[in-house]
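Inside the fold
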Amino acid sequence: MIVKVNTAYVVDNLIKDHDVILGSLKVLYRVINSDNPDARDLELLIQFFDSFIDKCHHAKEEYILFPTLNLRLFPFEGSPVYVMVTEHGIARYLIRMSEELLRMWVDNKDEGARQALIDHLRLLADHLTQHIKKENDVLFPGSLALDTLDSSRTVEDIERETNHEEWITKINELRKKYRVE
Ligand SMILES: [Fe+2]
Ligand SMILES: [Fe+2]
């Protein structure tokens, strides 16, 4: 069933996610810039990127916010939403690539994979940073032209399915460990 969802509420929720994600990227930069990156912390960060960013945050954008923008503000082709979902696809690929490289490094003791993993995680972090900036500065303020969105899902539905709160706790623990403000 399609229900009406308040746009300002959704945008506020997504901006709070962006703060959590930017915090996790600060941790990631600390880990990959260290002389001896901790494989278990990298594994936890990659799981967070898959669960919190791809399956939760990008799903909330793609199910709840973007469809109404396409139907009521601008057609899909060449639109800002087209750019955003293309970038979600790039992020998803870099996360999967990182999962594979982590396994090559940790399970197969492939030291070449370690450097490739760090390089791909740096690409992912830079990519997500510029993606979030575009949403915060352009797409989200523009979307407030609509008071409500039509969606079959709520923010709470998707957060429940993807353990949203547990992931915030885990990232906060990592932030403490790496002294990220
Ligand atoms: Fe996005
Ligand atoms: Fe976002």
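Note: the structure precedes this text.
Notes on the structure follow. (Residues numbered from 1 in each chain as written. Chains lettered and ligands numbered in written order. Predicted model: local features only at pLDDT ≥ 70, side-chain atom pairs only at ≥ 80, totals over all residues. Heavy atoms only, no water.)

1. As for the packing of aromatic side chains
- All chains considered together, the criterion is met by four aromatic pairs.
- A centroid spacing of 6.0 Å and a plane angle of 65° characterise the contact between Phe48 and Phe49, whose relative ring orientation is edge-to-face. The residues Phe48 and Phe49 share a single accessibility class, namely buried.
- What makes Phe48 buried here is its relative accessible area of 0%.
- Taken together, the aromatic side chains of Phe48, Phe49, Phe52 and Trp167 make up a single cluster linked through ring pairs.
- The ring of Tyr63 has Arg153 lying over it, and the distance from NZ or CZ to the ring centre is 3.7 Å.
- A cation over an aromatic ring shows up here: Lys170 above the ring of Trp167, its NZ or CZ 4.4 Å from the ring centre. (Phe/Tyr/Trp six-rings, centres within 6.5 Å; stacked < 30°, edge-to-face > 60°. Buried < 20%, exposed > 50% of the residue type's maximum accessible area, 1.4 Å probe, protein only. Lys NZ or Arg CZ within 6 Å of the ring centre and 35° of its normal.)

2. Points about the coordination of the iron ion (ligand 1)
- Protein coordination at the iron ion (ligand 1) comes from Glu61 (OE), His88 (NE2), His131 (NE2) and Glu135 (OE), with a distance range of 2.0 to 2.2 Å.
- Between the four donor atoms coordinating the iron ion (ligand 1), the angles at the centre fall across 86 to 175°, so the site counts as irregular.
- Of note, the donors binding the iron ion (ligand 1) are all from one chain and are spaced E-x26-H-x42-H-x3-E.
- The iron ion (ligand 2) is placed at 3.2 Å from the iron ion (ligand 1), the two being bridged by Glu61. Here Glu61 is found in helix H2 (residues 39-72), whereas its partner His88 is found in helix H3 (residues 80-106), with 27 residues between them in sequence.
- When its relative accessible area of 0% is taken as the criterion, Glu61 is described as buried. (Donors = N, O, S within 2.8 Å, 3.2 Å for Na, K, Ca; no water. Tetrahedral: all angles 85-135°; square planar, octahedral: opposite > 155°, others 65-115°. Helix = DSSP H or I, 4+ residues; strand = E, 2+ residues; numbered from the N terminus.)

3. Brief notes about H3
- With 27 residues, H3 extends 39 Å between its outermost C-alpha atoms, agreeing within 8% with the 39 Å of an ideal straight helix rising 1.5 Å per residue.
- Restricting attention to buried positions, one finds in H3 the residues Val81, Met84, Glu87, His88, Ala91, Leu94, Ile95, Ser98, Leu101, Leu102 and Trp105.
- Contact partners of the buried residues in H3: H2 and helix H4 (111-143). (Expected span 1.5 Å × (residues − 1). Contact = heavy atoms within 4.5 Å.)

4. A word on the coordination of the iron ion (ligand 2)
- Around the iron ion (ligand 2), the protein supplies His18 (NE2), His57 (NE2), Glu61 (OE) and Glu135 (OE) as donor atoms, at distances of 2.0 to 2.2 Å.
- The coordination sphere of the iron ion (ligand 2) comprises four donor atoms, whose angles at the metal cover 83 to 168°; the geometry is irregular.
- The sequence pattern describing where the donors of the iron ion (ligand 2) fall on their chain is H-x38-H-x3-E-x73-E.

5. A closer look at the pattern of salt bridges
- Taken as a whole and assessed by the stated rule, the structure comprises 15 salt bridges.
- Asp12 is the partner of Lys16 in a salt bridge, and the nearest nitrogen-oxygen pair spans 2.9 Å. Taken as a pair, Lys16 and Asp12 lie in helix H1 (residues 7-33) at a separation of four residues, close to a single helical turn.
- Residue Asp12 is classed as partly exposed on the basis of its relative accessible area of 38%.
- A salt bridge links Asp50 to Lys55, with the nearest nitrogen and oxygen atoms 2.8 Å apart.
- When salt bridges with common partners are traced through the structure, they connect Lys4, Arg72 and Asp150 into a single cluster. (Salt bridge = Lys/Arg side-chain N within 4 Å of Asp/Glu carboxyl O.)

6. Remarks on the packing of H2 against H4
- Where H2 contacts H4, the two axes come as close as 13 Å, and the packing angle between them is 25°. Considered as vectors, H2 and H4 are oriented roughly parallel to each other. For the crossing formed where H2 meets H4, the hand is left-handed. On H4, the residues that touch Leu42, Ile46, Phe49, Ile53, His57, His58, Glu61, Leu65, Phe66 and Leu69 of H2 are Leu117, Leu121, Leu124, Leu128, His131, Glu135, Leu139, Phe140 and Ser143.
- Its residues assigned to classes, the contact of H2 with H4 comprises 13 nonpolar, four polar and two charged. (Axes fitted to C-alpha atoms, helices over the stretch in contact; angles between N-to-C directions. Parallel < 35°, antiparallel > 145°, perpendicular 65-115°, else oblique. Left-handed = near helix turned anticlockwise from the far one by under 90°. Nonpolar A, V, L, I, M, F, W, Y, C, P; charged D, E, K, R; others polar.)

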